[in-house]
Amino acid sequence: IIPPTPTPTPTPTPTPITLVVPATLEAENMTTKTIGVAVTGGWNLWAEGYITQAVKFPTIGTYQFTVTARGDSAAGVWPNAELRIDQAVITSFAVDSSILKTFTLSAPISAGDHNVAIAFTNDFYNPGVADRNLIVDKIVITPVPTPIQTPTPPVPTPIPPTPPSPASTPSIPSGQAKFSLNDRVQVNATTLNVRSTANGISLGTQTTNALGTVIGGPINLGGFNWWNINFDTGVDGWSAEDFLVKFIALAPVLPPPVTTPTPTPLSVTISLPSTNFIANQNGSNVFTTVTAVPSRVVTKVELSRDTFAPFLIDTAAPYVFTWCVTCFKANELLPRTTILHATAYASDGIIANADIVVTVNPFITPSPATPPPVTTPPATTQPPLAPVISKLKASINKGQATIEWSTDTPATAWVDYGLTTSYGLSSQTDFVLDRNHKIVLPNLNPGLYNFRASSIASNSTGTSGNITFEIRSKPLKIPSITVTPGSIILNWPQINFPGYVGVSILRSTTGFITTYDPASHIATTTVNTYTDKDVIPDTVYYYSLFVYDDQDNYSDPTIVSFKAPVPSSIPASVTTSVAPSTAPSVSSGSGGGGGPSTSSGSSSGSRNVISSSANVTTAVGLLPSNFNSLTQAQKVTVLSAKIVELRTLINNMLISQGQAPISLSSCTFTRNLSIGLLGEDVRCLQKYLNDNGFTISTSGPGSSGRESNYFGPATRSAIMRWQQTHRISPSTGYFGPVSRNKYLEVGR
């Protein structure tokens with residue numbers, strides 16, 4: 001019989017204190033959790049691992065474990081859970097409900113302290129499709145009571161009836177009575193009346209062979225002796241003794257008791273090559289012998305270290321294990337002591353444990369470890385192959401490196417890393433045996449890092465070659481921004497550095513944005529200018545520009561504010577009438593260094609004659625209302641922009657009439673131009689760019705009227721913007737054959 005589940009005790013604060021049965025283990029407060037996260041209603045084991053808590057069992061006996069849990073199924077399979085005692089599997093069960101459900105288990109447990117654990121053993125994850133998880137709420141542990149047999153009640157000594165007074169109903173003297181109190185009686189009539197009192201009102205009847213117990217009487221009345229009978233079934237009351245006989249049950253013949261011999265308890269011992277053995281980290285192996293008493297059929301023996309899951313298993317005697325001390329990594333401080341834990345399992349479910357303490361020292365020359373002699377030497381086997389590492393890659397994001405790789409066999413995982421090939425740093429070791437591995441290296445300072453991945457399976461270590469990755473610094477912010485009216489035009493120095501992706505432009509009408517907020521993003525560009533046409537006149541706009549790289553690092557913002565200008569009112573339609581004229585012709589002169597000369601003579605090939613009026617509707621406005629308050633440099637930029645608009649309008653009109661466009665400047669290019677070159681052709685190119693709105697500089701050398709003969713970074717930046725405007729790809733700032741032909745097409 002399963003006793004009712006006791007009321008859960010209050011959730012304990014997680015401490016290393018051992019709980020005492022009966023106890024309630026709240027999953028999120030259990031002292032050791034190898035994986036997972038606290039969720040509403042317990043602890044979510046989202047990968048294979050376990051939660052465990054030390055519990056004191058006061059006596060040997062059978063204990064009931066009531067586990068409250070739920071699961072997320074994936075690929076049509078529910079999560080599989082194991083109940084473990086001291087990491088030995090007691091039973092496994094499928095958690096087949098997506099809402100909390102109780103699972104009742106029981107097991108014989110020896111008295112003393114034991115680690116009670118729930119483990120998740122069949123994780124499955126397909127990103128974006130399915131994810132199998134085990135969520136544990138609590139474990140209630142109660143002893144199962146031993147059934148107690150109900151003893152046969154003793155037969156009380158009959159009490160002689162009190163002689164009746166003359167006024168009472170006469171009763172039979174005890175010496176003459178047919179029955180005694182507590183006698184068992186049986187009905188021997190076909191039907192026997194049962195009455196409320198001696199010779200009283202009938203309450204019902206009993207039939208032949210009905211059994212009962214005498215609880216009162218006798219009373220002689222109406223010619224009968226009456227007895228008060230408590231019948232086993234049916235109505236109870238007074239019946240005449242003439243229709244009752246004493247019932248004597250025959251004693252059952254019991255078979256002789258079967259004596260079950262008490263089996264010899266299962267025991268296990270663990271030994272090392274020598275007394276006070278000390279292991280060394282630099283490559284030594286430890287030969288460990290585990291002996292299980294063979295009075296039972298031993299199915300397997302497991303070897304584990306400290307609180308980790310078993311890493312060696314043997315299913316046949318003799319149980320000789322070899323474990324590597326090199327499995328200790330830099331994150332485990334040495335020298336240190338480690339506990340080897342052996343667990344033996346018998347076929348009848350009995351479990352035995354043994355521990356031994358080993359001291360591990362770092363990097364000293366060990367004495368050769370000699371395996372202890374065994375009666376039957378194990379068969380010679382090939383040493384296990386080291387796991388093969390493949391698909392190694394590093395992903396970088398905001399100062400964090402994620403290292404991923406695969407192995408051809410389930411194995412542990414860790415990463416050695418540092419600024420040199422000597423590394424010097426190691427990640428935490430992932431002791432979960434798996435084929436796919438991921439180690440995260442957080443909070444890395446900028447620099448070029450070296451790393452290698454390592455995995456261990458069957459005491460053999462596989463290590464990758466050296467790989468590098470770079471953690472980039474936060475990009476430098478834009479040093480300065482200039483703003484010109486029209487629409488709002490932002491300009492800044494061209495950005496260029498390894499890993500550069502672009503500039504993200506954020507805008508607000510309430511104030512500057514100092515932390516990157518995607519909700520305020522209006523544009524992303526790779527060049528050094530942006531025209532914001534979606535503005536409301538006489539409105540102040542606050543711009544924040546962030547530089548970002550290929551590792552998702554963002555610079556500090558560069559900020560600027562500007563009020564959108566209010567254009568003066570102009571006619572919506574402008575009618576332009578151009579009188580016939582003779583186009584200038586260009587001819588090569590005979591002197592003056594062979595430069596171009598212009599004559600005003602007539603030409604029969606005139607191209608710029610417009611013989612009819614053209615009605616043109618344009619958005620070209622007059623100068624902004626705040627023009628006089630601008631700086632000289634801003635005025636130059638505004639006027640240059642207006643010149644470009646007017647020139648574009650004129651050329652569009654000419655093209656619509658089948659005429660060739662005109663140019664405000666004319667240059668002859670006999671060579672390709674690139675950064676670092678000197679020459680008057682460079683000066684002419686700068687003047688052309690300034691005249692057409694592709695400003696070299698707003699002040700100083702290269703500005704309008706101060707063009708130079710040097711092709712520098714500012715000239716290259718202006719050419720890139722000119723190339724982008726005329727859809728020349730790639731827009732690199734190199735003024736070569738393609739750009740020279742485009743100049744002849746649009747600029748002369």
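Residues numbered from 1 in each chain as written. Predicted model: local features only at pLDDT ≥ 70, side-chain atom pairs only at ≥ 80, totals over all residues. Heavy atoms only, no water.

Draft legend 1. Main features of the overall build of the protein chain. Looking only at helices and strands, one finds four helices and 46 strands in the protein chain. Expressed as a percentage of its 748 residues, the buried residues of the protein chain come to 39%. Accessible surface for the protein chain amounts to roughly 40,500 Å². Of this, 56% is attributable to carbon and sulfur atoms. (Helix = DSSP H or I, 4+ residues; strand = E, 2+ residues; numbered from the N terminus. Buried < 20%, exposed > 50% of the residue type's maximum accessible area, 1.4 Å probe, protein only. Areas by Shrake-Rupley, 256 points an atom, 1.4 Å probe, with all protein chains shown as cover.)

Draft legend 2. Local environment of the sheet that holds strand E42 (residues 558-563). Read from one edge of the open sheet, four strands run E39-E38-E41-E42, paired in antiparallel fashion. Every interior strand has two partners, whereas the edge strands, strand E39 (521-525) and E42, have only one. Taking each pair of neighbouring strands and ignoring which way they run, the sheet shows an average axis angle of 25°. When strand E38 (residues 500-508) meets E39, the two strands line up antiparallel, connected through four bridges. Bridged to isoleucine 505 within E39 is alanine 523. (Pairing = 2+ DSSP bridges. Axes fitted to C-alpha atoms, helices over the stretch in contact; angles between N-to-C directions.)

Draft legend 3. Representation of the environment of phenylalanine 124 within the structure. Within the secondary structure, phenylalanine 124 sits in strand E12 (residues 124-126). The exposure class of phenylalanine 124 is partly exposed, given its relative accessible area of 31%. Excluding its chain neighbours within four sequence positions, the residues that come into contact with phenylalanine 124 are Ala74, Ala75, Ala130, Asp131 and Arg132. (Contact = heavy atoms within 4.5 Å.)

Draft legend 4. Examining the state of the cysteines more closely. All chains considered together, the criterion is met by one disulfide. The disulfide that involves cysteine 667 links it to cysteine 684, with 1.7 Å between the sulfurs. What sets the handedness of the cysteine 667 and cysteine 684 disulfide is the S-S torsion sign, and at about -90° it is left-handed. You can see cysteine 667 sitting in the loop between helix H1 (632-656) and helix H2 (680-691) and its partner cysteine 684 sitting in helix H2, a full 17 residues away along the chain. You can call cysteine 667 buried: its relative accessible area is 2%. (Disulfide = S-S within 2.5 Å.)

Draft legend 5. Seen up close, the confidence of the model for the protein chain. Chain-level pLDDT for the protein chain is 79 on average; 73% of the residues reach the 70-or-more range. Within the model, pLDDT remains below 50 along residues 1-6, and this stretch shows eight contacts once partners closer than five positions in the same chain are excluded. A low-confidence stretch, residues 148-169 (pLDDT under 50), is modelled with 16 contacts involving residues beyond four sequence positions or located in other chains. (pLDDT = per-residue confidence, 0-100.)

Draft legend 6. Structural context of the packing of aromatic side chains. Applying the stated criterion across every chain yields a total of 19 aromatic pairs. A ring pair is formed by tyrosine 548 and tyrosine 554, whose centres lie 5.3 Å apart and whose planes are at 20°; its orientation type is stacked. Residue classification places tyrosine 554 among the partly exposed positions, given a relative accessible area of 23%. With a centroid separation of 5.0 Å and an interplanar angle of 65°, the aromatic rings of phenylalanine 669 and phenylalanine 735 are classed as edge-to-face. On the criterion of sequence distance, the pair formed by phenylalanine 669 in the loop between H1 and H2 and phenylalanine 735 in the loop between helix H3 (713-725) and helix H4 (737-746) is long-range, its members being 66 residues apart. Take phenylalanine 669 and phenylalanine 735: they sit in the same class, and that class is buried. The ring of tryptophan 43 is capped by lysine 33, whose NZ or CZ atom sits 4.9 Å from the centre of that ring. (Phe/Tyr/Trp six-rings, centres within 6.5 Å; stacked < 30°, edge-to-face > 60°. Lys NZ or Arg CZ within 6 Å of the ring centre and 35° of its normal.)

Draft legend 7. Spatial organisation of the packing of H2 against H3. Where H2 meets H3, the axes come as close as 11 Å, and the angle between the chain directions of the two elements is 50°. Between H2 and H3, the interaxial angle falls into the category oblique. Helix-helix and strand crossings are classified by hand; for H2 and H3 the assignment is left-handed. Within the contact between the two elements, H2 uses Leu685, Gln686, Tyr688 and Leu689 and H3 uses Thr715, Ala718, Ile719 and Trp722. Classifying every residue of the contact of H2 with H3 by side-chain character gives six nonpolar, two polar and no charged. (Parallel < 35°, antiparallel > 145°, perpendicular 65-115°, else oblique. Left-handed = near helix turned anticlockwise from the far one by under 90°. Nonpolar A, V, L, I, M, F, W, Y, C, P; charged D, E, K, R; others polar.)

Draft legend 8. Structural detail: the pattern of salt bridges. Taken as a whole, this structure holds 17 salt bridges when the rule is applied. Across the salt bridge formed by aspartate 96 and lysine 101, the nearest N and O atoms sit 2.9 Å from each other. Judged by relative accessible area, which is 38%, aspartate 96 ranks as partly exposed. Among the residues examined, lysine 101 registers a relative accessible area of 34% and is labelled partly exposed. (Salt bridge = Lys/Arg side-chain N within 4 Å of Asp/Glu carboxyl O.)

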